[in-house]
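Below, each chain spelled out in residue letters.
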Amino acid sequence: MRFAILATSLVALVLAQGTATDSKESNYGKYIGEQDYKLPFKTRMSEPLAVGQTIHAVGTLTEKPTRIDFNFHKGPSKDSDLPLHFSIRFGEGYFGSGKLVYNTFENGNWSENEQRISNPFKANQEFDLRVRILEGKFQVFANRVDVGTFEQRLPLAGIDHVSIRGDLSKLRLFHYGGRIFPNPYMAVSALTPGKRLDISALPTGKRVNINLYRESKEYALQVSIRFNEGAIVRNAMTSNVWGKEEREGKMPLNKKEVFDVTIINEEFSFQIFFNGKRFGTFAHRGSPTDIKTLEIDGDVDVQTVTINDAPGV
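Residues numbered from 1 in each chain as written. Predicted model: local features only at pLDDT ≥ 70, side-chain atom pairs only at ≥ 80, totals over all residues. Heavy atoms only, no water.

Draft legend 1. Local environment of the overall build of the protein. Per the secondary structure count, the protein includes one helix and 22 strands. If one aligns the C-alpha atoms of the protein with their principal axes, the spans along those axes are about 70 × 55 × 40 Å. Here the protein holds 313 residues, and the buried ones make up 47% of them. For the protein, the share of sequence-separated contacts (at least 6 apart) that also reach a separation of at least 24 residues comes to 64%. (Helix = DSSP H or I, 4+ residues; strand = E, 2+ residues; numbered from the N terminus. Buried < 20%, exposed > 50% of the residue type's maximum accessible area, 1.4 Å probe, protein only. Contact = heavy atoms within 4.5 Å.)

Have a look at this one:
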């Protein structure tokens, strides 16, 4: 390329490169499987629901929402049993603040035992609902905050559909998975260049550590979330000696709220995202291909862990 001849083309190339970078950055910040889902939404589950799984839906509320229904179904028919029915009603309660209503529907009848809590969702804002299945209970997180635990009145067996309908302008994620993870949790995890690690977890105390080890058991990366210090500390070892800590960046997480962390292995560095937003870059202090093991420990309830290809790397 010659500047004197192709100045206009050079500008176009710079713009194109910027667009490619922006696209990669956007993909990095997304959840795996994020797309535009058709509303109202109903899907057949590809596997039975089990204790430890989290059903996660993310969308955007309309400007003037009145109601959203989130249901577990036993069968595809309109009158099938609903072992779980969450109805988010925006016009109820004091000053129209709204209520989140839990109930069940069995043999053509609603239970008389209807439970109501305050509605945490706001018009024209993000809708992030997570239902975690525990032994005999549903634990519900609304916009990352634990809003209540509800008794399972009907067995999980036979639940084969989930539906979401109501005043959402967009539904961009529907995902379910996870299990009850031990603490500490360790797994073989070949996070080679071009791969992304995604973790969802609930902090329960002062510190959460996410450790990536080399085959020699040396730390390739430690991301230490320290609520007591108000810092997220990154570090690694070289020849089994800790290097300089990196502490730049404001604490983007709130204690006792579910967080999502994405760590992407690129050729020269790790890219780190929290809750879909870039947090920082950590330059490799050794081979980027020698990442063999993942460990998560500290004051934390891990909900999901996945490794996938990172689009755009």
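Text resumes after the structure shown.
Draft legend 2. The arrangement of the nonpolar core in detail. Phe70, Phe72, Phe86, Ile164 and Phe174 are the most contacted members of the largest nonpolar core, which totals 33 residues. Looking at this core, the elements with two or more residues in it are strand 2 (54-61), strand 3 (67-74), strand 4 (81-89), strand 5 (99-106), strand 8 (126-134), strand 9 (137-142), strand 11 (161-166) and strand 12 (168-177). Membership of the second largest hydrophobic core comes to 31 residues, among which are Val223, Phe259, Phe282 and Val302. (Core = buried A, V, L, I, M, F, W, Y, C linked by side-chain atoms within 4.5 Å.)

Draft legend 3. Spotlight on the pairing of strand 16 (residues 231-235). With five of its five residues buried, strand 16 lies for the most part within the structure. In the sheet, strand 15 (residues 219-226) pairs with strand 16 via five bridges, with the strands oriented antiparallel. Its bridge partner lying in strand 16, Arg226 is registered against Ala231. Taking the residues that link successive antiparallel strands as the turn, the strand 15-strand 16 hairpin has four residues, and the phi of Gly230 there is positive, at about 65°. (Pairing = 2+ DSSP bridges.)

Draft legend 4. Spotlight on the pattern of salt bridges. Inspection of every chain in the model, using the stated rule, returns 22 salt bridges. Measuring nitrogen to oxygen at the nearest pair gives 2.7 Å for the salt bridge that ties Asp260 to Arg144. Here Asp260 is found in strand 19 (residues 259-265), whereas its partner Arg144 is found in the loop between strand 9 and strand 10 (145-151), with 116 residues between them in sequence. There is no split in this pair, since Asp260 and Arg144 are both buried. (Salt bridge = Lys/Arg side-chain N within 4 Å of Asp/Glu carboxyl O.)

Draft legend 5. Expanded view of the side chain of Asn211. Within the element layout of this structure, Asn211 appears in strand 14 (residues 195-213). Polar contacts involving the side chain of Asn211 include one to the side chain of Gln222, which spans 2.9 Å. Setting aside chain neighbours within four positions, we find Asn211 in contact with Tyr219, Leu221, Gln222, Thr293, Leu294, Glu295 and Asp297. (Polar contact = N/O pair within 3.5 Å; in protein donor to acceptor, adjacent residues only side chain to side chain.)

Draft legend 6. Here's a closer look at unusual backbone geometry. With an omega of -10°, the peptide bond running from Leu39 to Pro40 counts as cis. Mapped onto the fold, Pro40 is located in the loop between helix 1 (7-29) and strand 1 (41-44). Cis geometry marks the peptide bond from Asn183 to Pro184; its omega dihedral reads 0°. Along the polypeptide, Pro184 turns up in the loop between strand 12 and strand 13 (185-188). A positive phi angle, near 55°, is found at Asn107, a position not held by glycine. Residue placement: Asn107 occurs in the loop between strand 5 and strand 6 (109-110). If you check the backbone angles, Asn143 has positive phi at about 50° while not being a glycine. The residue Asn143 is located in the loop between strand 9 and strand 10 in this model.

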